[in-house]
Amino acid sequence: MPKRADLSDTFCPVGRSAELLGDRAVLLILRDLFFGRRRFEAIAANTGLGPQLVSARLKRLAEEGVVERHAYQERPSRHEYRLTAKGKDLFDVLYAMRNWAERWAYEQGETGDGPAMRYIHRACGADVGTSTVCPGCGAPLRYGDLKGEPSPALSAEQAARAR
C-alpha cells in the first residue's frame, strides 16, 4: 500500500485540514463529542471503532489542541474528552457534511419519514432542516445552538451499537 503524503507543511488550507480531518475515525469521534459523548467507552461503543484506534485518535486530537483530557476518576484512572474552542470551530465542517449527506447520501425513504437527524434550534424551537441560518428567528447556527433528534432508523442503529 502506498504511503500517504504528509500535508502538514503545505500552504494549501484544504491540504492542512485534510491532514487531520481526512481520517474517518477522527470525524466519527468529533461527531460523538459534538453530541456530548465525552467518555472513551461511550465513544468507542457508538462509533464501532476499536479501542486502540479510538485511543490513538483521541491522543492526536489532544496533541492538535482540538480536545482536552480531563480526569473524572482516580482509581482506575479514567478521563473524559472535551472540545476546545479549536474543536468547537469544527462544528460548521461536520454540519456541512451532515447537510450534504441528508441531501445526497440516502435513497428515498431510507431513513423513514424525514432526515436521519432532525435539528431543532434551541433558542426558538424551529426545525432548521439543513439551513445554516435559523428559518424561525434568522440567527446564524453555531456549536451548541441545535438539539438533535435522530430518526427511528438512526435511533435503532445507535441502540444496537450500545448493546
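This text follows the structure it describes.
Residues numbered from 1 in each chain as written. Predicted model: local features only at pLDDT ≥ 70, side-chain atom pairs only at ≥ 80, totals over all residues. Heavy atoms only, no water.

A. Highlighting the overall build of the chain. Along the chain, the regular secondary structure elements total 7 helices and 4 strands. Reading the secondary structure of the chain in the N-to-C direction produces α-α-α-α-β-β-α-α-β-β-α. If you line up the chain on its principal axes, its C-alpha atoms span 45 × 40 × 35 Å. The buried share of the chain, taken over its 163 residues, is 30%. The contacts in the chain between residues at least 6 apart in sequence include a share of 49% that link residues at least 24 apart. Summed over all atoms, the accessible surface of the chain reaches about 10500 Å², with 52% contributed by carbon and sulfur. The chain carries 25 positive and 21 negative side-chain charges, and their two centres are separated by 4 Å. (Helix = DSSP H or I, 4+ residues; strand = E, 2+ residues; numbered from the N terminus. Buried < 20%, exposed > 50% of the residue type's maximum accessible area, 1.4 Å probe, protein only. Contact = heavy atoms within 4.5 Å. Areas by Shrake-Rupley, 256 points an atom, 1.4 Å probe, with all protein chains shown as cover. Lys, Arg positive; Asp, Glu negative; His and termini not counted. Charge placed at Lys NZ, Arg CZ, Asp CG, Glu CD.)

B. Here's a closer look at the pattern of salt bridges. Evaluated as defined, the whole model comprises 13 salt bridges. Across the pair Arg118 and Glu149 runs a salt bridge, and its minimum N-O distance is 2.7 Å. In this pair, Arg118 sits in strand E3 (residues 117–121) while Glu149 sits in strand E4 (residues 146–150), placing the two residues 31 residues apart along the sequence. Look at the salt bridges and you will find they share partners, linking Arg38, Arg39, Glu80 and Arg82 into a network. (Salt bridge = Lys/Arg side-chain N within 4 Å of Asp/Glu carboxyl O.)

C. Summary view of the pairing of strand E2 (residues 78–83). Pairing geometry for strand E1 (residues 67–73) and E2, over 6 bridges, is antiparallel. Counterpart to Ala71 in the pairing with E2 is His79. Between the end of E1 and the start of E2, which pair antiparallel, lie 4 residues. (Pairing = 2+ DSSP bridges.)

D. Representation of the environment of Leu61. Following the sequence through the fold, Leu61 ends up in helix H4 (residues 51–63). Those residues within four positions of Leu61 in sequence are excluded, and the remaining contacts are Leu20, Val26, Ile29, Val66 and Val67.

E. The arrangement of the layout of surface pockets in detail. For the largest pocket, the calculated volume is near 1100 Å³. Lining the largest pocket are 38 residues, with Arg31, Phe35, Arg98, Met117 and Leu154 sitting closest to its centre. Mapped by element, the contributors of at least two residues to the lining of the largest pocket are helix H2 (24–34), helix H3 (40–47), helix H6 (91–104), E3, E4 and helix H7 (152–162). A total of 8 residues in the lining of the largest pocket trace back to one element, the largest contributor, which is H6. (1 Å grid on protein atoms, 1.4 Å probe; cavity = no way out; pocket = protein on both sides within 12 Å on 5 of 7 lines; lining within 4 Å. Points joined across faces, edges and corners; volume = space filled by probe spheres on them.)

Just geometry here; none of it tells us what the structure is for.
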